[in-house]
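# A look at the structure
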Amino acid sequence: MGEPIQSSYSESERERLYKRTLTVVSISQLFGGAGLAAGITVGALLAEDILGTPSYAGLPTALFTIGSAVTAFIVGKTSQHYGRRIGLTIGFIVGGLGALGVVLAAILQNIFLLFFFLFLYGAGTATNLQARYAGSDLANENQRGKAISLTMVMTTFGAVLGPNLVNIMGEVAGRLTIPPLAGPFLLSALAYIAAGIVLFILLRPDPFILAKQWVAEEEKQMSNSVIATKNVNKYHIVVGATVMILTQLIMVAIMTMTPVHMLHHGHTLQAIGVVIGVHIGAMYLPSLFTGVLVDRLGRYFIAIAAGVTLLLSGITAASVPEDSLFGLILALALLGLGWNFGLISGTTLIVDGTTNENRAHIQGKVDVFIALSGATGGLLSGMVVAHSSYATLSIVGGLISFILVPIVFWPKLAKANS
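In terms of helices and strands, the protein chain carries 17 helices and 0 strands. Among the 418 residues that make up the protein chain, the fraction classed as buried is 58%. Across the protein chain, contacts joining residues at least 24 apart in sequence account for 88% of those joining residues at least 6 apart. For the protein chain, the computed accessible surface area is about 16200 Å², with 68% contributed by carbon and sulfur atoms.

Quick look at the side chain of threonine 256 now. By the secondary structure assignment, threonine 256 is in helix α10 (residues 234–264). What makes threonine 256 buried here is its relative accessible area of 2%. A polar atom in the side chain of threonine 256 sits 2.6 Å from the backbone oxygen of valine 252.

What follows concerns the pattern of salt bridges. Any two side chains of opposite charge can pair, so long as their charged atoms come close to each other. Under the defined criterion, the tally for this structure stands at 4 salt bridges. One salt bridge connects arginine 16 with glutamate 13, and the closest N-O pair in it is separated by 2.8 Å. With a gap of 3 residues between them, arginine 16 and glutamate 13 both fall in helix α1 (residues 11–51), about one helical turn apart. Under the relative-accessibility criterion, glutamate 13 is labelled partly exposed at 24%. Its salt-bridge partner being aspartate 352, residue arginine 299 comes within 2.7 Å of it at the nearest N-O pair. Taken together, the residues span a long stretch of sequence, with arginine 299 in helix α13 (residues 299–319) and aspartate 352 in helix α14 (residues 325–353) at a distance of 53 residues. For arginine 299, a relative accessible area of 12% corresponds to the buried category.

Glancing now at the nonpolar core. Grouped together as the largest cluster of nonpolar side chains are 93 residues, with contacts concentrated most on Leu114, Leu118, Phe185, Leu335 and Trp339. The element contributing the most residues to this core is α10, with 15 residues. Within the second largest apolar cluster, 9 residues are counted, among which are Leu17, Ala139, Ala147 and Ala211.

Direction vectors running N to C along helix α12 (residues 287–297) and α13 enclose 125°, while the axes themselves pass 6 Å from each other. Judged by the inter-axis angle, α12 sits oblique to α13. Between α12 and α13, the contacting residues are Thr290, Leu293, Val294, Asp295 and Leu297 on the first element and Arg299, Phe301 and Ile302 on the second. Each residue belonging to the contact of α12 with α13 can be placed in one class, and the counts come to 5 nonpolar, 1 polar and 2 charged.

Further remarks concern unusual backbone geometry. Residue arginine 204 is joined to proline 205 through a cis peptide bond whose omega torsion reads -5°. Along the chain, the position of proline 205 falls in the loop between α7 (183–202) and α8 (207–220). Even without glycine at this site, glutamine 109 takes up a positive phi of about 55°. Along the chain, glutamine 109 turns up in the loop between α3 (84–108) and α4 (111–136). Here threonine 177, not a glycine, exhibits a phi torsion of approximately 55°, which is positive. Residue placement: threonine 177 occurs in the loop between α6 (166–175) and α7. The exposure class assigned to threonine 177 is exposed, which follows from its relative accessible area of 68%.

Let's shift gears to empty space enclosed by the protein. Inspection of the entire model under this criterion finds 1 cavity of 30 Å³ or more. Estimates place the volume of the largest cavity at around 240 Å³. As for the largest cavity, its lining consists of 22 residues, of which Thr65, Thr125, Leu129, Gln248 and Met251 are closest to the centre. Of all the secondary structure elements, the ones that give two or more residues to the lining of the largest cavity are α1, α2 (59–82), α4, α10, α11 (269–284) and α15 (359–387).

Moving on, we come to the packing of aromatic side chains. What the rule picks out here adds up to 5 aromatic pairs. Seen in terms of ring centroids, phenylalanine 92 and tyrosine 192 are 5.9 Å apart; in terms of plane orientation they differ by 35°. Their pairing is tilted. In this pair, phenylalanine 92 is assigned in helix α3 and tyrosine 192 in helix α7, connecting sequence segments 100 residues apart. When its relative accessible area of 0% is taken as the criterion, phenylalanine 92 is described as buried. Centroid distance tyrosine 121 to tyrosine 192: 5.8 Å. Interplanar angle 45°. Geometry classified as tilted. Pair noted here: tyrosine 121 is in helix α4 and tyrosine 192 is in helix α7, with a separation of 71 residues, a long-range link. Overall, the relative accessible area of 0% leaves tyrosine 121 in the buried class. Residue classification places tyrosine 192 among the buried positions, given a relative accessible area of 0%. Among the aromatic side chains, those forming a connected cluster through ring pairs are Phe92, Tyr121, Phe185 and Tyr192.

The rules behind these values
Residues numbered from 1 in each chain as written. Predicted model: local features only at pLDDT ≥ 70, side-chain atom pairs only at ≥ 80, totals over all residues. Heavy atoms only, no water. Helix = DSSP H or I, 4+ residues; strand = E, 2+ residues; numbered from the N terminus. Buried < 20%, exposed > 50% of the residue type's maximum accessible area, 1.4 Å probe, protein only. Contact = heavy atoms within 4.5 Å. Areas by Shrake-Rupley, 256 points an atom, 1.4 Å probe, with all protein chains shown as cover. Polar contact = N/O pair within 3.5 Å; in protein donor to acceptor, adjacent residues only side chain to side chain. Salt bridge = Lys/Arg side-chain N within 4 Å of Asp/Glu carboxyl O. Core = buried A, V, L, I, M, F, W, Y, C linked by side-chain atoms within 4.5 Å. Axes fitted to C-alpha atoms, helices over the stretch in contact; angles between N-to-C directions. Parallel < 35°, antiparallel > 145°, perpendicular 65-115°, else oblique. Nonpolar A, V, L, I, M, F, W, Y, C, P; charged D, E, K, R; others polar. 1 Å grid on protein atoms, 1.4 Å probe; cavity = no way out; pocket = protein on both sides within 12 Å on 5 of 7 lines; lining within 4 Å. Points joined across faces, edges and corners; volume = space filled by probe spheres on them. Phe/Tyr/Trp six-rings, centres within 6.5 Å; stacked < 30°, edge-to-face > 60°.

Given below as structure tokens:
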């Protein structure tokens, strides 16, 4: 399965392949970031426009995150057997086709088609996240946090650019007699398909297949006792997964309803694009230093920092005046930063706790639960705001984030009691 690979590599050749993989994945992340921005920025607004009510405005986020969950499992399973290149390419192409379908649904004003194609569009979101693992496949233990970070940094540029092209893409859509809110999905379609093409052509040799070969070669030179120590670490997996699941739940819930909240309080689409652009920038740009902090200060320390930062975000979002653009920018920037801390620390724990024999499969399963938590956050967020307020949603999200602190200390308590 997969392409033939040379039997051995020098240390300098391994380092070169590691850096090349990071470069290729980073290029794909540039396109992937632009692709995911459309659903975040206008997905809820498009559904509200067709349905005529904000009560189910969180449903689009729920649908494309459910689609993300299904894709995460499929991409993880495919990558385990055939390598990252095939799994990631399929995910991005399906996401691009889903984005084109959303445009068609908007033209027809058909809510059922919209929901179906948003589900497919979620494949791009899942694949964009799964790509972070590809960057760490050839990294050694002291490079993993940095490797995961670097593969996410390029997402920043596309993800920040995307929301700020809402008005431009709306004008382009208008000239094509397409509803303006569907315009950004045209950009998503092109971006996701471009990401898939980049990976299919350039991600050679496949880093996951190559990593498995390297491990097999190393194990031939090790004693059985050394090999036996390389088992799954369940504490790392459970804590890493829980950190990412909770941070995703909180981030998606607050982020989903921010555009609706802003529109209802007199903010323009351009202002909404600025807030979401800053938010997505804060989700990815801190990766420049987060990975280094994870490697130096420890995975668990940064996971605690994620909980504290998300709590501050919830308090800020709930307390600033509704017409304060700066206040919402600050709240959403903290929301993105907290998510970044949680994702990179959690992802690194998953990589630490797995082996090449099960890594891609476990990563895919974990990302299923991350996506489902996002779907839950998106679905419930609209209902909470409709029956209470955006402030209530933000406060509840902030309080939930603080659960991360006892979760992080759980492994130490378990070891002490064993």
